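Structure at a glance
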Amino acid sequence: MAVTANYETVMIISMTKGEEGIQAIVEKFKTLIEKNATLKNVDEWGKRKLAYLINKESEGYYVLFDFESTAEFPAELDRIYKITDGVMRSLIIRKEDE
């Protein structure tokens, strides 16, 4: 049996993608996580002002995913974040066991 851990990931999507583009990216990652892990929660924070400009943009669309997976999946998820057009920033953390 594979050892799993709880993870949390936040991504910021560029507002230049428009409503449909943003939802397409959210669905893409939701499907990816569901295929490779146990998705517990998706929390769309929506449009927020950024602390500093990223690619000359001052706002981004924030989405938080809560999931449980093996240790290999977060590295692959991070790789896909980096090559996906429209994802401005992302962060994946391993949550402490409760």
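Now for a description of the structure that goes with this document. (Residues numbered from 1 in each chain as written. Predicted model: local features only at pLDDT ≥ 70, side-chain atom pairs only at ≥ 80, totals over all residues. Heavy atoms only, no water.)

1. Section: the overall build of the protein
Along the backbone of the protein there are 2 helices and 4 strands. Ordered by position in the sequence, the α and β elements of the protein form the string β-α-β-β-α-β. Compactness check: the protein gives a C-alpha radius of gyration of 14 Å against a globular reference of 13 Å for 98 residues, within 12% of the reference. Along the first, second and third principal axes, the C-alpha atoms of the protein reach 45 × 25 × 20 Å. A total of 98 residues make up the protein; the buried ones form 39% of that total. Restricting the contact set of the protein to residue pairs at least 6 apart, pairs at least 24 apart contribute 71%. Element-wise, carbon and sulfur atoms account for 49% of the exposed surface of the protein, whose accessible area totals about 6,200 Å². (Helix = DSSP H or I, 4+ residues; strand = E, 2+ residues; numbered from the N terminus. Rg over C-alpha atoms; globule rule 2.2 N^0.38 Å. Buried < 20%, exposed > 50% of the residue type's maximum accessible area, 1.4 Å probe, protein only. Contact = heavy atoms within 4.5 Å. Areas by Shrake-Rupley, 256 points an atom, 1.4 Å probe, with all protein chains shown as cover.)

2. Observations concerning the nonpolar core
Core analysis: the largest hydrophobic core is formed by 21 residues, its most contacted members being M11, I13, F29, I33, F65, F67 and L77. Those elements that place two or more of their residues in this core are β1 (5-14), α1 (18-36), β3 (57-69) and α2 (73-83). Residue contacts for F29: discarding those within four places in its chain leaves M11, F65, L77, I80, Y81, T84 and V87. Formed by 5 residues, the second largest nonpolar core is a distinct cluster that contains L50, I54, Y62 and M88. (Core = buried A, V, L, I, M, F, W, Y, C linked by side-chain atoms within 4.5 Å.)

3. Some words on the sheet that holds β3
Strand order in the open sheet made by the 4 strands is β2-β3-β1-β4, with antiparallel pairing throughout. Where the open sheet ends on each side, the last strands, each with one partner, are β2 (38-54) and β4 (87-94). Here the strands of the sheet are splayed against their neighbours by 20 degrees on average, with no regard to which way each runs. Alignment of β1 against β3, held across 10 bridges, turns out to be antiparallel. Residue pairing in the sheet places N6 in a bridge with E68 of β3. Sheet strands touched by α1: β1, β2, β3 and β4. Its angle to β3, the strand with the most contacts, is close to 15 degrees. (Pairing = 2+ DSSP bridges. Axes fitted to C-alpha atoms, helices over the stretch in contact; angles between N-to-C directions.)

4. What about the pattern of salt bridges?
According to the stated counting rule, one finds 7 salt bridges in the structure shown. Between K40 and E68 there is a salt bridge, and its shortest N-O distance comes to 3.5 Å. A residue pair is termed long-range when its members are at least 10 positions apart, and K40 in strand β2 and E68 in strand β3 qualify at 28 residues. Residue E68 is classed as partly exposed on the basis of its relative accessible area of 27%. Across the pair D66 and K95 runs a salt bridge whose closest N-O atoms are separated by 3.2 Å. Of this pair, D66 sits in strand β3 while K95 sits in the segment after β4, and the two are 29 residues apart along the sequence. The class for D66 is buried, based on a relative accessible area of 15%. Taken together, the shared-partner salt bridges in this structure form one network comprising E8, D66 and K95. (Salt bridge = Lys/Arg side-chain N within 4 Å of Asp/Glu carboxyl O.)

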